[in-house]
Amino acid sequence: MKSLRLRLLALTSLFLVISFAALGGVIDRSFVAALEQAQRDLLDSQIITLLAVAEPEGDSLVLPPDMPEVRLNSPGSGLYANIRRADGTVLWRTGSAMALDVPPPHALTDAGPRVYDRQSTAEGEVLQALTLGIFWQFDDDSSAYFALEVAESRASLDAQMRGFRGQLYAAFALISVALLVSVALELSWLLRPLG
(Lines give C-alpha, C1' and ligand atoms only; values in the text may rest on other atoms or scores of the structure.)
Protein backbone atom coordinates (compact mmCIF):
# COMPACT_ATOMS: atom_id res chain seq x y z
CA MET A 1 0.00 0.00 0.00
CA LYS A 2 2.83 2.34 0.86
CA SER A 3 4.52 1.68 -2.51
CA LEU A 4 1.25 2.45 -4.32
CA ARG A 5 0.99 5.75 -2.44
CA LEU A 6 4.62 6.62 -3.29
CA ARG A 7 4.13 5.76 -6.96
CA LEU A 8 0.99 7.90 -7.19
CA LEU A 9 2.77 10.76 -5.45
CA ALA A 10 5.79 10.43 -7.77
CA LEU A 11 3.54 10.38 -10.84
CA THR A 12 1.65 13.44 -9.61
CA SER A 13 4.94 15.23 -8.88
CA LEU A 14 6.22 14.50 -12.39
CA PHE A 15 2.98 15.74 -13.93
CA LEU A 16 3.13 18.96 -11.87
CA VAL A 17 6.76 19.62 -12.76
CA ILE A 18 6.15 19.13 -16.49
CA SER A 19 2.93 21.18 -16.45
CA PHE A 20 4.40 24.08 -14.49
CA ALA A 21 7.57 24.08 -16.57
CA ALA A 22 5.53 24.32 -19.78
CA LEU A 23 3.21 26.96 -18.33
CA GLY A 24 6.14 28.92 -16.91
CA GLY A 25 7.88 28.88 -20.29
CA VAL A 26 4.78 30.20 -22.06
CA ILE A 27 4.20 32.95 -19.49
CA ASP A 28 7.89 33.90 -19.52
CA ARG A 29 8.05 34.15 -23.31
CA SER A 30 4.85 36.23 -23.39
CA PHE A 31 6.13 38.62 -20.72
CA VAL A 32 9.53 39.03 -22.40
CA ALA A 33 7.87 39.63 -25.79
CA ALA A 34 5.61 42.29 -24.24
CA LEU A 35 8.58 44.03 -22.56
CA GLU A 36 10.62 44.01 -25.77
CA GLN A 37 7.66 45.32 -27.77
CA ALA A 38 7.21 48.14 -25.26
CA GLN A 39 10.89 49.05 -25.68
CA ARG A 40 10.54 48.98 -29.47
CA ASP A 41 7.49 51.24 -29.22
CA LEU A 42 9.51 53.69 -27.11
CA LEU A 43 12.32 53.68 -29.68
CA ASP A 44 9.78 54.21 -32.48
CA SER A 45 8.32 57.21 -30.68
CA GLN A 46 11.81 58.68 -30.23
CA ILE A 47 12.52 58.32 -33.97
CA ILE A 48 9.26 60.16 -34.70
CA THR A 49 10.33 62.89 -32.25
CA LEU A 50 13.66 63.27 -34.07
CA LEU A 51 11.86 63.63 -37.39
CA ALA A 52 9.42 66.15 -35.89
CA VAL A 53 12.07 68.49 -34.44
CA ALA A 54 14.62 68.25 -37.28
CA GLU A 55 14.93 71.35 -39.44
CA PRO A 56 16.72 71.56 -42.79
CA GLU A 57 19.65 73.93 -43.10
CA GLY A 58 21.60 73.95 -46.36
CA ASP A 59 22.25 70.32 -47.20
CA SER A 60 22.08 69.25 -43.57
CA LEU A 61 19.71 68.90 -40.63
CA VAL A 62 19.70 70.93 -37.44
CA LEU A 63 18.14 69.73 -34.20
CA PRO A 64 17.47 71.72 -31.04
CA PRO A 65 20.03 71.53 -28.21
CA ASP A 66 17.31 70.48 -25.75
CA MET A 67 15.12 67.56 -26.81
CA PRO A 68 11.50 67.16 -25.64
CA GLU A 69 12.41 63.82 -23.99
CA VAL A 70 14.38 64.83 -20.86
CA ARG A 71 16.45 61.61 -20.80
CA LEU A 72 17.95 62.49 -24.18
CA ASN A 73 19.49 65.60 -22.59
CA SER A 74 21.02 63.91 -19.52
CA PRO A 75 24.42 62.16 -19.88
CA GLY A 76 24.29 58.50 -18.88
CA SER A 77 20.48 58.41 -18.81
CA GLY A 78 20.30 55.16 -20.77
CA LEU A 79 18.46 56.69 -23.76
CA TYR A 80 20.62 57.89 -26.65
CA ALA A 81 20.13 59.22 -30.17
CA ASN A 82 22.22 60.41 -33.08
CA ILE A 83 21.98 61.15 -36.78
CA ARG A 84 24.62 60.01 -39.26
CA ARG A 85 25.33 61.03 -42.82
CA ALA A 86 25.53 58.52 -45.65
CA ASP A 87 29.30 58.15 -45.10
CA GLY A 88 28.74 57.19 -41.44
CA THR A 89 29.97 60.41 -39.84
CA VAL A 90 27.91 61.65 -36.92
CA LEU A 91 26.01 64.80 -37.84
CA TRP A 92 24.29 65.24 -34.48
CA ARG A 93 23.98 63.44 -31.18
CA THR A 94 21.98 64.00 -28.02
CA GLY A 95 23.48 65.32 -24.81
CA SER A 96 22.99 61.88 -23.28
CA ALA A 97 25.26 60.32 -25.92
CA MET A 98 28.13 62.85 -25.84
CA ALA A 99 30.54 60.66 -23.88
CA LEU A 100 29.28 57.42 -25.39
CA ASP A 101 31.17 55.49 -28.02
CA VAL A 102 28.65 53.44 -30.01
CA PRO A 103 29.77 52.00 -33.34
CA PRO A 104 27.42 52.48 -36.29
CA PRO A 105 25.07 49.49 -36.35
CA HIS A 106 24.85 49.02 -40.10
CA ALA A 107 26.02 50.49 -43.32
CA LEU A 108 22.48 51.55 -44.20
CA THR A 109 22.36 53.22 -47.57
CA ASP A 110 18.67 53.17 -48.35
CA ALA A 111 15.53 54.51 -46.79
CA GLY A 112 13.14 51.90 -45.66
CA PRO A 113 12.19 49.63 -42.83
CA ARG A 114 13.24 50.14 -39.26
CA VAL A 115 16.14 47.93 -38.18
CA TYR A 116 16.20 46.73 -34.56
CA ASP A 117 19.34 45.19 -33.12
CA ARG A 118 21.53 44.97 -30.05
CA GLN A 119 24.69 47.01 -29.76
CA SER A 120 27.42 47.30 -27.19
CA THR A 121 29.23 50.45 -26.21
CA ALA A 122 32.98 50.57 -25.70
CA GLU A 123 32.20 50.56 -21.97
CA GLY A 124 30.29 47.27 -22.31
CA GLU A 125 26.76 48.65 -21.92
CA VAL A 126 24.26 46.57 -23.94
CA LEU A 127 21.77 48.66 -25.90
CA GLN A 128 18.60 47.87 -27.82
CA ALA A 129 18.85 50.05 -30.92
CA LEU A 130 16.60 51.18 -33.73
CA THR A 131 17.97 52.60 -36.99
CA LEU A 132 15.91 54.23 -39.71
CA GLY A 133 17.36 55.42 -43.00
CA ILE A 134 15.65 58.37 -44.68
CA PHE A 135 16.13 60.61 -47.69
CA TRP A 136 15.41 64.22 -46.72
CA GLN A 137 14.03 66.38 -49.52
CA PHE A 138 15.30 69.97 -49.26
CA ASP A 139 13.60 73.13 -50.56
CA ASP A 140 15.94 73.30 -53.59
CA ASP A 141 14.74 69.80 -54.65
CA SER A 142 18.02 68.18 -53.63
CA SER A 143 17.96 65.29 -51.20
CA ALA A 144 20.40 63.71 -48.78
CA TYR A 145 20.51 60.43 -46.93
CA PHE A 146 20.52 60.33 -43.12
CA ALA A 147 20.45 57.44 -40.67
CA LEU A 148 18.50 58.17 -37.48
CA GLU A 149 19.55 56.00 -34.56
CA VAL A 150 17.97 55.69 -31.15
CA ALA A 151 19.19 53.28 -28.48
CA GLU A 152 18.15 52.43 -24.94
CA SER A 153 20.09 50.54 -22.33
CA ARG A 154 18.82 47.00 -21.76
CA ALA A 155 19.78 47.15 -18.06
CA SER A 156 16.29 48.12 -16.90
CA LEU A 157 14.62 45.61 -19.23
CA ASP A 158 16.92 42.79 -18.10
CA ALA A 159 16.32 43.69 -14.42
CA GLN A 160 12.55 43.57 -14.97
CA MET A 161 12.86 40.17 -16.67
CA ARG A 162 15.00 38.78 -13.84
CA GLY A 163 12.57 40.09 -11.21
CA PHE A 164 9.56 38.66 -13.01
CA ARG A 165 11.22 35.28 -13.52
CA GLY A 166 12.20 35.12 -9.84
CA GLN A 167 8.63 35.84 -8.76
CA LEU A 168 7.13 33.48 -11.32
CA TYR A 169 9.28 30.49 -10.43
CA ALA A 170 8.99 31.14 -6.68
CA ALA A 171 5.19 31.22 -7.01
CA PHE A 172 5.19 28.02 -9.06
CA ALA A 173 7.45 26.32 -6.51
CA LEU A 174 5.14 27.29 -3.63
CA ILE A 175 2.04 26.19 -5.53
CA SER A 176 3.71 22.88 -6.46
CA VAL A 177 4.68 22.16 -2.85
CA ALA A 178 1.16 23.04 -1.64
CA LEU A 179 -0.41 20.80 -4.29
CA LEU A 180 1.93 17.91 -3.51
CA VAL A 181 1.18 18.14 0.21
CA SER A 182 -2.57 18.22 -0.45
CA VAL A 183 -2.29 15.28 -2.89
CA ALA A 184 -0.26 13.31 -0.33
CA LEU A 185 -2.89 13.95 2.34
CA GLU A 186 -5.72 13.02 -0.05
CA LEU A 187 -3.96 9.81 -1.07
CA SER A 188 -3.49 8.84 2.57
CA TRP A 189 -7.15 9.49 3.28
CA LEU A 190 -8.47 7.80 0.11
CA LEU A 191 -6.25 4.73 0.33
CA ARG A 192 -6.80 4.16 4.07
CA PRO A 193 -9.86 1.87 3.50
CA LEU A 194 -7.83 -0.28 1.09
CA GLY A 195 -5.19 -0.78 3.75
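Use the structure listed above.
Because the structure is a prediction, the values reported are computed rather than measured.

Comments concerning the overall build of the chain
Point 1. Assigned secondary structure in the chain consists of two helices and seven strands.
Point 2. Helices and strands appear in the chain in the N-to-C order α-β-β-β-β-β-β-β-α.
Point 3. Relative to the compact-globule value of 16 Å for 195 residues, the chain shows a C-alpha radius of gyration of 27 Å, a clear excess of over 25%.
Point 4. C-alpha atoms of the chain, sized along the principal axes, occupy 95 × 30 × 25 Å.
Point 5. Looking at the chain residue by residue over its 195 residues, the buried ones come to 34%.
Point 6. Looking at the chain alone, contacts between residues at least 24 apart form 55% of all its contacts between residues at least 6 apart.
Point 7. Accessible surface for the chain amounts to roughly 11200 Å². Of this, 63% is attributable to carbon and sulfur atoms.
Point 8. Averaging the locations of the 15 positively and 22 negatively charged side chains of the chain gives two centres separated by 24 Å.

Re the sheet that holds strand E7 (residues 143-153)
Point 1. If you walk across this open sheet you meet the five strands as E4-E3-E7-E6-E5, and the pairing is antiparallel. Taken across any chain shown, the strands that pair with only one partner, and hence form the sheet edges, are strand E4 (90-93) and strand E5 (115-120). Geometrically, the sheet is characterised by an average inter-axis angle of 30° between neighbouring strands, direction not taken into account.
Point 2. Two strands pair when backbone bridges link them, and E5 and strand E6 (residues 126-137) are joined in this way by six bridges, in the antiparallel orientation. Looking at E6, one finds that Gln 119 is bridged to Leu 127.
Point 3. Across the sheet, helix H1 (residues 2-53) lies against strand E3 (79-85), E4, E5, E6 and E7, angled at about 140° from E7, the strand it touches most.

Overview of the environment of Leu 157
Point 1. Tracing the sequence through the fold places Leu 157 in helix H2 (residues 155-191).
Point 2. Considering only alpha carbons, one finds Leu 157 and Ile 83, 74 residues apart in sequence, at a separation of 25 Å.
Point 3. Ignoring anything within four residues of it in the chain, the contact list for Leu 157 reads Leu 35, Glu 36 and Gln 39.

Some words on a negative patch on the surface
Point 1. There is a patch of like negative charges on the surface, built from Asp 59, Asp 139, Asp 140 and Asp 141.
Point 2. In this fold, Asp 141 is placed in the loop between E6 and E7.
Point 3. Residue classification places Asp 141 among the exposed residues on the basis of a relative accessible area of 65%.

Quick notes on the side chain of Ser 60
Point 1. Structurally, the position occupied by Ser 60 is in strand E2 (residues 60-62).
Point 2. Within polar-contact distance, the side chain of Ser 60 engages the side chain of Arg 85 at 3.3 Å.
Point 3. Not counting the four nearest positions on each side in its chain, Ser 60 is found in contact with Glu 55, Arg 85, Leu 91, Phe 138 and Phe 146.

Remarks on the pairing of E3
Point 1. Taken across its seven residues, E3 has six buried, putting it largely inside the fold.
Point 2. As paired elements, E3 and E7 share seven bridges and run antiparallel to each other. Along E7, the bridge assignment pairs Leu 79 with Glu 152.
Point 3. In this structure, E3 lies alongside E4, joined through three bridges in antiparallel fashion. Of the residues in E4, the one forming a bridge with Asn 82 is Arg 93.

A closer look at the packing of aromatic side chains
Point 1. Tallying each qualifying case throughout the model produces four aromatic pairs.
Point 2. With 4.9 Å between their ring centres and 10° between their planes, Phe 20 and Phe 172 make a pair best called stacked. Of the two residues, Phe 20 sits in helix H1 while Phe 172 sits in helix H2, which places them 152 residues apart along the sequence. Accessibility assignment for this pair places Phe 20 and Phe 172 in one class, buried.
Point 3. With centroids separated by 6.5 Å and ring planes inclined at 80°, the aromatic side chains of Phe 138 and Phe 146 adopt a geometry described as edge-to-face.
Point 4. One Lys or Arg, Arg 40, reaches over the ring of Tyr 116 and ends 4.4 Å from the middle of that ring.

What counts, and where the lines are drawn
Residues numbered from 1 in each chain as written. Predicted model: local features only at pLDDT ≥ 70, side-chain atom pairs only at ≥ 80, totals over all residues. Heavy atoms only, no water. Helix = DSSP H or I, 4+ residues; strand = E, 2+ residues; numbered from the N terminus. Rg over C-alpha atoms; globule rule 2.2 N^0.38 Å. Buried < 20%, exposed > 50% of the residue type's maximum accessible area, 1.4 Å probe, protein only. Contact = heavy atoms within 4.5 Å. Areas by Shrake-Rupley, 256 points an atom, 1.4 Å probe, with all protein chains shown as cover. Lys, Arg positive; Asp, Glu negative; His and termini not counted. Charge placed at Lys NZ, Arg CZ, Asp CG, Glu CD. Pairing = 2+ DSSP bridges. Axes fitted to C-alpha atoms, helices over the stretch in contact; angles between N-to-C directions. Patch = residues over 30% accessible without salt bridge, like charges linked within 9 Å, V, L, I, M, F, W, Y side chains within 5 Å. Salt bridge = Lys/Arg side-chain N within 4 Å of Asp/Glu carboxyl O. Polar contact = N/O pair within 3.5 Å; in protein donor to acceptor, adjacent residues only side chain to side chain. Phe/Tyr/Trp six-rings, centres within 6.5 Å; stacked < 30°, edge-to-face > 60°. Lys NZ or Arg CZ within 6 Å of the ring centre and 35° of its normal.

Note that all results are geometric; they support no functional claim without further evidence.
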